[in-house]
Amino acid sequence: MAGSMNKVLLIGRLGNDPEARTFQNGGGVVSFSLATSERWKDGNGERKERTEWHRVSVFTEGLRDVVEKYLRKGDLVSIEGKLETRKWTDAQGTDHYSTEVVLRPFRGELIMLGSPNQSGDREARGEAGASAEGGERPAQGRGRGRQRAPAGAGAGGSSSWDAPKADLDDDVPF
């Protein structure tokens, strides 16, 4: 194999409000948990659901500010980062490992898709999606994150598209 790739793309809801920590060297990190869920009907027609929890750490300065200022528990986000495993030793000398999705400068992206208690769209309130580079751009999702942009309408796209107002909750896996 000529190479390898470490890339994670998740769409889910924040399980807690973001927590910010500052390092002695002046840097910092904002962390939160992200829930991804899938729903299905089993052979008996019963609804089933499985939720996976992911730990997310954001190290990019501009993106940390956006996460701290605008994201809260329950918000729907899309993140792109990479997996990193940390090792530490507790006071008893036991080794512990933690694997998390990490967004670092030029290696991560976060797009705010919606809030569970949001009635208007984020752009109207001055909120926008942000990339790890710290630049802002229009949010891709509007309302509660149920609408999808057409193919080719990227983050910086100028096309305007409103999805049908139908309730699509049954088709969304979370």
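Criteria and cut-off values
Residues numbered from 1 in each chain as written. Predicted model: local features only at pLDDT ≥ 70, side-chain atom pairs only at ≥ 80, totals over all residues. Heavy atoms only, no water. UniProt positions renumbered as here; feature names shortened; annotations may be inferred. Salt bridge = Lys/Arg side-chain N within 4 Å of Asp/Glu carboxyl O. Helix = DSSP H or I, 4+ residues; strand = E, 2+ residues; numbered from the N terminus. Buried < 20%, exposed > 50% of the residue type's maximum accessible area, 1.4 Å probe, protein only. Arc of directions from axis to C-beta. Phe/Tyr/Trp six-rings, centres within 6.5 Å; stacked < 30°, edge-to-face > 60°. Lys NZ or Arg CZ within 6 Å of the ring centre and 35° of its normal. Contact = heavy atoms within 4.5 Å. Pairing = 2+ DSSP bridges. pLDDT = per-residue confidence, 0-100.

Under the annotation held in an unreviewed UniProt entry, the chain carries the name Single-stranded DNA-binding protein and is attributed to Muricoccus nepalensis. Of the comments in the UniProt record for the chain, the one headed Subunit (unreviewed entry) reads "Homotetramer."

Undergrad: What exactly am I supposed to notice about the pattern of salt bridges here?
TA: Two side chains that carry opposite charge are able to pair once their charged atoms sit near each other. What the rule picks out here adds up to seven salt bridges. When the shortest N-O distance is used, the salt bridge between Lys 48 and Asp 42 registers 3.9 Å. Its salt-bridge partner being Asp 95, residue Lys 87 comes within 3.5 Å of it at the nearest N-O pair.

Undergrad: Would you take a moment to explain unusual backbone geometry for this structure?
TA: A positive phi angle is found at Phe 106, which is not glycine, with a value near 65 degrees. Checked against the element boundaries, Phe 106 lands in the loop between β6 (95-103) and β7 (109-114).

Undergrad: Can you walk me through helix α1 (residues 61-70) in this structure?
TA: An α-helical segment advances 3.6 residues per turn. Residues three or four places apart therefore align on the same side. For α1, the full list of buried residues reads Leu 63, Arg 64, Val 66 and Val 67. An end-on view of α1 places all buried positions within 165 degrees of arc, on one side of the element. Of the exposed residues in α1, the ones pointing more than 90 degrees away from its buried face are Glu 61 and Lys 69.

Undergrad: Is there a simple way to think about the packing of aromatic side chains in this case?
TA: As enumerated under the stated definition, the model contains one aromatic pair in all. With centroids separated by 6.4 Å and ring planes inclined at 25 degrees, the aromatic side chains of Phe 23 and Phe 59 adopt a geometry described as stacked. Taken together, the residues Phe 23 in the loop between β2 (19-22) and β3 (28-41) and Phe 59 in the loop between β4 (47-58) and α1 connect sequence positions 36 residues apart. Over the aromatic face of Phe 59 sits the side chain of Arg 104, whose NZ or CZ is 4.3 Å from the ring centroid.

Undergrad: Looking at this structure, how should I read the environment of Thr 85?
TA: With respect to the secondary-structure elements, Thr 85 resides in strand β5 (residues 76-89). Measuring from C-alpha to C-alpha, the distance between Thr 85 and Val 101 comes to 8.9 Å, with 16 residues separating the pair along the chain. Excluding anything up to four places from it in sequence, Thr 85 contacts Tyr 97, Ser 98 and Thr 99.

Undergrad: How should the environment of Ala 20 be read in this particular structure?
TA: Among the secondary structure elements, Ala 20 is positioned in strand β2. Looking at Ala 20, the relative accessible area reads 44%, which means it is partly exposed. Once you skip the residues sitting within four places of it in the chain, Ala 20 turns out to touch Val 29, Val 30 and Glu 68.

Undergrad: When you look at the pairing of β7 in this model, what are you seeing that I'm missing?
TA: Every other side chain in a regular strand lies on the same face of the sheet, so the side chains alternate between the two faces. The element β7 is extensively covered by neighbouring structure, given that five of its six residues are classed as buried. Where β5 lies against β7, five bridges are found, and the strand directions are antiparallel. Bridge pairing in β7 links Glu 80 to Glu 109.

Undergrad: In this structure, what is going on with the environment of Val 56? I would like to understand it.
TA: The topology assignment puts Val 56 in strand β4. Taking the C-alpha atoms as reference points, Val 56 and Ser 31, 25 residues apart in sequence, are found 5.5 Å from one another. Those residues within four positions of Val 56 in sequence are excluded, and the remaining contacts are Val 30, Ser 31, Phe 32, Leu 34, Ile 79, Val 101 and Leu 103.

Undergrad: Would you take a moment to explain the confidence of the model for the chain for this structure?
TA: As a note on interpretation, predicted positions should not be read in detail where pLDDT is low. With 66% of its residues at a pLDDT of 70 or more, the chain shows a mean pLDDT of 76. Confidence drops under a pLDDT of 50 for residues 119-168, and excluding neighbours within four residues, the segment shows 84 contacts in the predicted structure.

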